[in-house]
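These are the residues of each chain, in order.
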Amino acid sequence: YRDLHTFELQAPTRLIEWARGDRVCVAGYGQSDGNEILQLIPPPTLLTKETQGLCPERDFKVECGGFSERPVYSLKYVPDTSLLVTSGPPDSSLQVWQVSAENSDVIKPVSTIATENDTGQSWAKIDTISARAPWVLHGSRLDRVQITEVESRKNVYTTASRGSEELSNLAFLDCNTLLLCCSTGRLCLADIRQPQSLVEAVSAPSAPCSEQWCMGTRHGAQDLEPSSQPVARLSSRGLLTLTDLRKTSELLALAKATVPSPGSSAEFLCVSWAPALEGYLAISGFDGTVHVYDTQSWDSSGREAEPIFVHKGHAFGGAGGSGDPPLVTVHTWHLQKPRTLLSAASDGSLHVWDWVQPCGKC
């Protein structure tokens, strides 16, 4: 490691979100007596553009917080606002939160975005954008994806799909284009200017029906058109695919990650592109580790890929609340520092780490 910071949360978290002023938002899940939503100030070394060496302050600090009566399974900061949007069981409704002003340390709920016929639907996956107005993209199934204006709660768009597959992820590629990933690995593109169009991109490799998939898009990549940014998909048995959305009839690359045998649940699968490091991605959700890969030499052979770095800090942190070894529930990359990542685990640990560039890659 070049650097490593740890912070202990009161409860497990399954999400990490960057907010205004280089702040970090986290939230708990599964607590019956309230789930914390916290905005943290990172250690000073993360707030500088260059490594400054030793620093006396190495911990996160809680800047403000609030409580949610329901588990928080997804959280997104709304760009250019002081709002957060969250979702979680028991239905697909969304909760909108106001982050505190300078003279307050409270994150308070301000509204709820209800969805039609959400009874019996799983929690909504969400993404946000503020290109035209503060919008939230949300849905739990392919035929129930909507865009809602956050402040007015006005419906802007609804998908016109006959399929009702469960979604694992969704994302804005730009203010007009959406990418949806089903748990089966199926990718679909939608254009809000053509409400009746829903184009299926390349399907996932044939696999057991029990296999589940998630996706990662390259947010924050500079000098790239959204359509040219590769999309990564990760399966519950460790398959990784890369897809160029400009040529969806074939896979750009296929590889097999070195991961443990899949468990009974794939709810914490996570794959993400490094926003400031070309061709690098990270995966987690199989155990207490985070694997980092350099994809630039990958091809379509499906051979096993060796990670260039494995973060094992959570695995050695002790047992989780259930007595089981900690499981990494989420990770994310720092937006400017190329090799800096944040990860959280089921034991409530939050780590920030930066690995040393391998020899020969300088």
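Residues numbered from 1 in each chain as written. Predicted model: local features only at pLDDT ≥ 70, side-chain atom pairs only at ≥ 80, totals over all residues. Heavy atoms only, no water.

1. Focus on the overall build of the protein chain
Heads up, the condition is: Numbered from the N terminus, helices here are DSSP runs of H or I no shorter than four residues, and strands are runs of E no shorter than two. Partly exposed describes any residue whose relative accessible area lies between the buried limit of under 20% and the exposed limit of over 50%, with all areas from a 1.4 Å probe on protein chains only and scaled to the type maximum. Contacts were defined at the residue level, with two residues in contact if any of their heavy atoms lie within 4.5 Å.
Across its full length, the protein chain holds 1 helix and 29 strands. Relative to its full complement of 362 residues, the protein chain shows a buried share of 56%. Residue pairs at least 24 apart in sequence account for 51% of intrachain contacts in the protein chain once pairs closer than 6 positions are excluded.

2. Here we look at unusual backbone geometry
Note on backbone geometry: most residues besides glycine have negative phi, and most peptide bonds are trans. Following Pro 89, the chain continues to Pro 90 via a peptide bond in cis, the omega torsion being 15°. The phi dihedral of Asp 80 is positive, around 65°, even though this residue is not glycine. Mapping Asp 80 onto the fold places it in the loop between strand 6 (74-77) and strand 7 (83-87). Unlike most non-glycine residues, Arg 153 shows phi in positive territory, near 60°.

3. Structural notes on the side chain of Asn 176
Structurally, the position occupied by Asn 176 is in the loop between strand 14 (167-172) and strand 15 (177-182). Among residues more than four places away in sequence, those in contact with Asn 176 are Arg 132, Ala 190, Asp 191, Ile 192 and Arg 193.

4. Notes on the sheet that holds strand 13 (residues 155-158)
Threshold: When DSSP finds at least two bridges between two strands, those strands are taken to pair. The axes used here are C-alpha line fits, helices contributing only the stretch in contact, and every angle between their N-to-C directions lies in the interval 0 to 180 degrees.
Here we have 4 strands laid out as an open sheet, ordered 10-11-12-13, and antiparallel in their pairing. Bordering the open sheet on either side are strand 10 (125-129) and strand 13, each of which pairs with just one other strand. Direction aside, the axes of adjacent strands within the sheet are offset by 20° on average. In this sheet, strand 11 (residues 135-139) lies alongside strand 10 in antiparallel orientation, the contact comprising 5 bridges. Its bridge partner being in strand 11, Ile 126 is matched across the sheet by His 138.

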